[in-house]
Structures are given as structure tokens and as C-alpha cells.
Amino acid sequence: NAGVTQTPKFQVLKTGQSMTLQCAQDMNHEYMSWYRQDPGMGLRLIHYSVGAGITDQGEVPNGYNVSRSTTEDFPLRLLSAAPSQTSVYFCASSYSSGGADEQFFGPGTRLTVL
Amino acid sequence: AQSVSQHNHHVILSEAASLELGCNYSYGGTVNLFWYVQYPGQHLQLLLKYFSGDPLVKGIKGFEAEFIKSKFSFNLRKPSVQWSDTAEYFCAVNEPYGGATNKLIFGTGTLLAVQP
């Protein structure tokens, strides 16, 4: 049971490039989400999904796209990278979207945009 | 909109000192409350959570937190810290009704350094 996995661990992009951050979970969790972590700002929700085929925006969705074609995978796409997107990105999942469930976090992807 | 405030950004303690980290949230309705910890180089993991019942919640590694509804607070405590408690601590809240209720709002975090 690998839990929540994320790839890559580190990435450097140039402004304007696009890329996809991968997230997968093997716990058959219904709910998945993406956060970004910036110094002094905690974690902020980018997008979330309550099940395959269903996604919605979080607090800071601009510049990011998501899809959820399977229960296991929830990739995050940067459409045209900007320096403001330099951050650490965490994927998380929980059994349901019921509110009291523990969220399990992946190890993070550290992204630098030059 | 819901917001979470953590009053201490950096805390430095000696081993065996007592710890209390403050957390306040803004929304006055029913909420679920969480404390997560991020040890150096590791991902976030749950320390404890409150969703109903006894307002004094015990978590892993000797941590506890008290939910005080009248003060909108959920402070984290540990009677005697160890060097291994050095980490960043995040308070988080969600509102259990309406839509995708597992949307967590995080505080800005408190960096705890415990000196041996």
C-alpha cells in the first residue's frame, strides 16, 4: 500500500512552459485535492475532486487545470507556467468528502519557475 | 469565508518545556478541526482531529487539543516537548455541511524548534 504518490519530486520550468504534476493513490479514496504551500501562507486549496469525473475549484485555481478520469489518479496541469507558481505542491486524498475524514498527503513536488 | 489564524509563527523551546500553540477560526457554525504536523523533509500527517463529543482531544505522540466553541479556538498542547517534536504545525478547519465538505482551510503554520 503506497498511499499517495507524487511525481516528480522536483521540477524546474521556464516561464510559459506547461507541465503535469502526477498524483496517484491506491486506497480507493473518493476525495482528492491539490494544495500549494508557500512560506508564511500555509496550504491553499487549488482544485479538488469528490469522485471520478467530478472536479471543482478551490481557493487559488487560476493557471491550473485538473481532471479525474479514474478513482486513483488526479493530475494537476500548469497551462503556462509563471514565476508566481513557484511553490511546493501537495496532493491529498481521503476516504470520502464527508468532512471528518483524515486527509492523507503525498510527499510533495517542489516546482521552480524561472 | 472561513479563515484560520495561528498566532505564533516561530516558537523555540528547550526540551521538557510545555507547549501551547494557538489556533482560532472565524466561522461560528459547526466545524471540524484538525492539527497536522510536517516533520523536516516529510509530508503532512494528522496529529489529531475534533468533530464532535469531548472537546478535549488526544492525538499521537502525547499531543492534545482543546476545542473552546465560545472562543472559536482549538489550541494544541503538549506537557513536555522533545527534540523530535521539531516540525511545522498546521491548524485546519472545514465546514461539514454543503458541497464537498472535506475542503480544508489551513492556518499559516507554526514552526517549532526544540533545543536539546
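Here the structure is shown first, and the text comes after it.
Please read these numbers as outputs of a predicted model, since none were measured by experiment.

### Let's talk about the overall build of chain A
Line of reasoning, step 1. Each helix and strand in chain A was counted, giving zero helices and 11 strands.
Line of reasoning, step 2. Moving toward the C terminus, one meets the helices and strands of chain A in the order β-β-β-β-β-β-β-β-β-β-β.
Line of reasoning, step 3. Over its C-alpha atoms chain A spans a radius of gyration of 13 Å, differing by no more than 12% from the 13 Å that the globule rule assigns to 114 residues.
Line of reasoning, step 4. For the C-alpha atoms alone, the extent of chain A along its principal axes is close to 40 × 30 × 25 Å.
Line of reasoning, step 5. When each of the 114 residues of chain A is scored for burial, the buried share is 48%.
Line of reasoning, step 6. Contacts in chain A between residues far apart in sequence, at least 24 positions, make up 54% of those at least 6 positions apart.
Line of reasoning, step 7. Summed over all atoms, the accessible surface of chain A reaches about 5100 Å², with 51% contributed by carbon and sulfur.
Line of reasoning, step 8. Counting 7 positive and 9 negative side-chain charges, chain A places the centres of these two groups 14 Å from one another.

### Structural notes on the layout of surface pockets
Where empty space is left can be seen by rolling a probe of water-molecule size over the atoms.
Line of reasoning, step 1. The volume enclosed by the largest pocket comes to roughly 540 Å³.
Line of reasoning, step 2. Lining the largest pocket are 26 residues, with Q37, V88, F90 and R110 of chain A together with Q38 of chain B sitting closest to its centre.
Line of reasoning, step 3. Top contributing element to the lining of the largest pocket by residue count: strand β11 (residues 109-113) of chain A, with four residues.
Line of reasoning, step 4. Looking at the lining of the largest pocket, its residues break down into nine nonpolar, 13 polar and four charged.

### Let's talk about the interface of chain A and chain B
Line of reasoning, step 1. Taken together, the contacts link 23 residues of chain A with 20 residues of chain B.
Line of reasoning, step 2. Contact between chain A and chain B buries roughly 1700 Å² in total, counting both sides, with carbon and sulfur atoms accounting for 56%.
Line of reasoning, step 3. For the pair chain A and chain B, the number of links is zero salt bridges.
Line of reasoning, step 4. Put simply, chain A and chain B have three residue pairs in polar contact (both at pLDDT 80 or more) between them.
Line of reasoning, step 5. Taken together, the elements giving at least two residues each to the side of chain A that touches chain B come down to β4 (31-38), β5 (42-51) and β9 (87-94) of chain A.
Line of reasoning, step 6. Here the side of chain A that touches chain B takes five residues from β5 of chain A, the largest share from any one element.
Line of reasoning, step 7. Taken together, the residues that form the side of chain A that touches chain B break down as 11 nonpolar, 10 polar and two charged.

### So, the environment of V113 of chain A
Line of reasoning, step 1. Tracing the sequence through the fold places V113 of chain A in strand β11.
Line of reasoning, step 2. Spatially, the C-alpha atom of V113 of chain A lies 14 Å from that of P8 of chain A, the residues being 105 residues apart in sequence.

### Thoughts on the state of the cysteines
All names here are of chain A.
Line of reasoning, step 1. Summed over the entire model, instances satisfying the criterion amount to two disulfides over all chains.
Line of reasoning, step 2. At a sulfur-sulfur separation of 1.8 Å, the disulfide partner of C23 is C91. The S-S bond linking C23 to C91 shows a torsion near -70°; that makes this disulfide left-handed. With C23 in strand β3 (residues 19-25) and C91 in strand β9, the pair connects residues that are 68 residues apart, well separated along the chain.

Reading the values: the criteria
Residues numbered from 1 in each chain as written. Chains lettered and ligands numbered in written order. Predicted model: local features only at pLDDT ≥ 70, side-chain atom pairs only at ≥ 80, totals over all residues. Heavy atoms only, no water. Helix = DSSP H or I, 4+ residues; strand = E, 2+ residues; numbered from the N terminus. Rg over C-alpha atoms; globule rule 2.2 N^0.38 Å. Buried < 20%, exposed > 50% of the residue type's maximum accessible area, 1.4 Å probe, protein only. Contact = heavy atoms within 4.5 Å. Areas by Shrake-Rupley, 256 points an atom, 1.4 Å probe, with all protein chains shown as cover. Lys, Arg positive; Asp, Glu negative; His and termini not counted. Charge placed at Lys NZ, Arg CZ, Asp CG, Glu CD. 1 Å grid on protein atoms, 1.4 Å probe; cavity = no way out; pocket = protein on both sides within 12 Å on 5 of 7 lines; lining within 4 Å. Points joined across faces, edges and corners; volume = space filled by probe spheres on them. Nonpolar A, V, L, I, M, F, W, Y, C, P; charged D, E, K, R; others polar. Buried area = accessible area lost by both parts, 1.4 Å probe. Salt bridge = Lys/Arg side-chain N within 4 Å of Asp/Glu carboxyl O. Polar contact = N/O pair within 3.5 Å; in protein donor to acceptor, adjacent residues only side chain to side chain. Disulfide = S-S within 2.5 Å.

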